[in-house]
Amino acid sequence: MTDASRGTPRSSPDLVGIGIGPANLGLSALLDPEQDLVTRFFERRPRFGWHDGTMLPDASLQVSPLKDLVTLVDPTSRFSFLNFLAEEGRLYRHLVASRSGTPREEFEQYYRWASGLMPQLEFDTAVEEVALEGGTFVVSGADGPLATTRTIVLGTGKEPYIPGCVAPRGDHVIHSADITRRRPATRGRKVVVIGGGQSGAEIVHWLLGDDEMLPSSLVWSTRRDGFLPLDDSAFSNEWFFPGYVRHFTRLPAARRAELLRRQRMASDGVSSELLDAIHAQLYRLDALRPGSCAYRLSPGQELVAVEGGPDGPLSVVTRDIDTDSVLQERADVVVLATGYHSPFPGFLEPLRDRIATAGDGDGADFRVRDDYSIEFDAPDGLRIFVQGAATRTHGVADANLSLMAWRNAVIANAVAGRELYRTERDTTTVAWSSTPAAAVRTPHERTTHA
């Protein structure tokens with residue numbers, strides 16, 4: 001098919017994925033064997049990238065490498081992490097080396113390896129607009145239509161969140177998402193890191209452990225009550241099971257919001273190993289290199305402002321939540337480990353009035369159904385699915401790698417209109433209220449919940 005006005009080739013795949021991060025890469029992998037389903041995935045970047053600006057030395061996965069693109073729904077897939085290791089000839093060595101964790105950089109290698117096996121992935125192709133035309137979606141780039149389809153999967157991810165109280169935008173104020181791309185000059189300078197999650201901790205660990213980066217003073221500030229560890233306990237991990245998602249989606253909105261607040265440290269805490277490493281670094285500096293780096297770790301501090309010119313000294317103003325006192329800190333470099341947010345995608349503007357949102361409509365707070373499609377006033381048969389944008393409705397695991405393969409299996413089944421992958425049966429230890437009560441078990445039997 002050709003758009004006559006622009007002369008641009010246009011195909012009509014069964015599914016178009018917009019954005020190629022781990023989520024849509026995994027969906028492409030699960031649909032790859034299905035010869036009767038035609039897919040195309042578009043990505044504006046020239047190649048696959050994961051944590052592009054935050055790939056710090058020694059950073060490790062916080063989850064099992066079995067939570068890869070496919071293993072938890074299809075352990076036999078050629079796109080598994082284990083197959084990658086076997087193909088690269090490093091399976092045996094990895095088994096030994098990974099006892100201290102799987103390097104995040106190696107997982108990015110794996111993703112890039114998998115992306116190279118899929119011709120349906122099109123990089124260096126930015127989607128500029130999605131519009132309705134004749135009962136179908138028209139997906140367009142800068143040079144005109146790319147494809148028409150009845151199914152779209154949004155996998156564009158989140159954008160760095162910069163608080164509105166941060167005034168300067170010069171080279172000395174950096175979001176953690178860009179830390180390795182911009183590599184600020186921190187040696188012998190005054191540095192403030194804002195944010196007590198994993199990203200903030202990894203940056204502090206990097207600054208303290210590299211003589212070429214070691215500041216003369218370092219302030220690590222967070223509004224949290226302390227530098228809190230990831231809740232990786234066994235029963236908390238069951239919040240990252242399919243059965244819990246099915247339970248969570250049936251709860252009233254107020255209860256879901258309360259649970260998300262309580263469960264935050266199961267996804268947003270700092271790995272205990274990293275906290276221990278930072279504590280040991282600070283001890284070594286005090287004991288062996290006194291005076292080399294003055295530091296202050298400040299929990300319970302709410303950021304009020306970052307002021308100053310783009311090229312001059314900065315002033316970081318925080319409010320102590322316990323005492324309501326205000327502290328002003330001079331800094332040469334400020335690193336914002338302030339997380340990410342999901343603005344409404346610009347390419348969906350032609351459809352904005354048709355898409356239901358849960359908030360005021362400024363962000364991408366979609367109303368998401370059980371199968372990860374969004375509520376959308378559209379002709380029959382047209383669907384938009386979302387990746388990693390359903391925490392409010394599907395629970396704490398949604399933005400995490402843990403259930404990515406399962407979510408993709410749910411989407412794949414919905415797109416195919418039949419069961420390509422089993423998603424409705426899993427073994428749990430906990431009987432959530434929406435599942436049958438757990439039976440008394442003998443040593444040789446187990447209870448499964450559909």
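Helix and strand content of the chain: twelve helices and 22 strands. Here the C-alpha radius of gyration of the chain, 24 Å, is about what a compact globule of 450 residues would show, namely 22 Å. Out of the 450 residues in the chain, the part that is buried amounts to 52%. Relative to all contacts within the chain whose residues are 6 or more apart in sequence, the contacts with residues 24 or more apart total 68%. Carbon and sulfur atoms make up 49% of the accessible area of the chain, which totals about 21400 Å². Taking the average place of the 48 positive charges on the side chains of the chain and the average place of its 60 negative ones, the gap between the two points comes to 2 Å.

Here the focus is the packing of aromatic side chains. The description of an aromatic ring pair rests on the distance of the ring centres and on the angle between the ring planes. Enumeration over the complete set of coordinates arrives at 18 aromatic pairs. Look at F137 and F376: their rings are 5.8 Å apart centre to centre, the planes differ by 15 degrees, and that puts the pair in the stacked class. Here F137, found in strand β7 (residues 136–141), pairs with F376, found in the loop between β19 (340–341) and β20 (383–386); they are 239 residues apart in sequence, far enough to count as distant. Residue classification places F376 among the buried positions, given a relative accessible area of 12%. Through successive ring pairs, a cluster of aromatic residues spans F48, W50, F81, F84, F107, Y110, Y111 and W113. One residue, R352, lies across the ring of F344, its end atom 4.1 Å from the ring centre.

Examined against the element boundaries, H175 turns out to sit in strand β11 (residues 173–175). Side-chain polar atoms of H175 contact the backbone oxygen of Y161, separated by 3.4 Å. Within the structure, H175 has its side chain in polar contact with the backbone nitrogen of A177 (distance 3.0 Å). Sequence-distant contacts of H175, that is, excluding residues within four places in its chain, are made with P160, Y161, I162, L336, T338, G339 and Y340.

A separate point is empty space enclosed by the protein. Counted according to the given criterion, the structure contains three cavities of 30 Å³ or more. When its volume is computed, the largest cavity comes out at roughly 60 Å³. Taken together, the residues of the lining of the largest cavity sort by class into four nonpolar, four polar and two charged. Considered as a void within the structure, the second largest cavity measures approximately 40 Å³ in volume. Counted by class, the lining of the second largest cavity contains five nonpolar, two polar and two charged residues.

What counts, and where the lines are drawn
Residues numbered from 1 in each chain as written. Predicted model: local features only at pLDDT ≥ 70, side-chain atom pairs only at ≥ 80, totals over all residues. Heavy atoms only, no water. Helix = DSSP H or I, 4+ residues; strand = E, 2+ residues; numbered from the N terminus. Rg over C-alpha atoms; globule rule 2.2 N^0.38 Å. Buried < 20%, exposed > 50% of the residue type's maximum accessible area, 1.4 Å probe, protein only. Contact = heavy atoms within 4.5 Å. Areas by Shrake-Rupley, 256 points an atom, 1.4 Å probe, with all protein chains shown as cover. Lys, Arg positive; Asp, Glu negative; His and termini not counted. Charge placed at Lys NZ, Arg CZ, Asp CG, Glu CD. Phe/Tyr/Trp six-rings, centres within 6.5 Å; stacked < 30°, edge-to-face > 60°. Lys NZ or Arg CZ within 6 Å of the ring centre and 35° of its normal. Polar contact = N/O pair within 3.5 Å; in protein donor to acceptor, adjacent residues only side chain to side chain. 1 Å grid on protein atoms, 1.4 Å probe; cavity = no way out; pocket = protein on both sides within 12 Å on 5 of 7 lines; lining within 4 Å. Points joined across faces, edges and corners; volume = space filled by probe spheres on them. Nonpolar A, V, L, I, M, F, W, Y, C, P; charged D, E, K, R; others polar.

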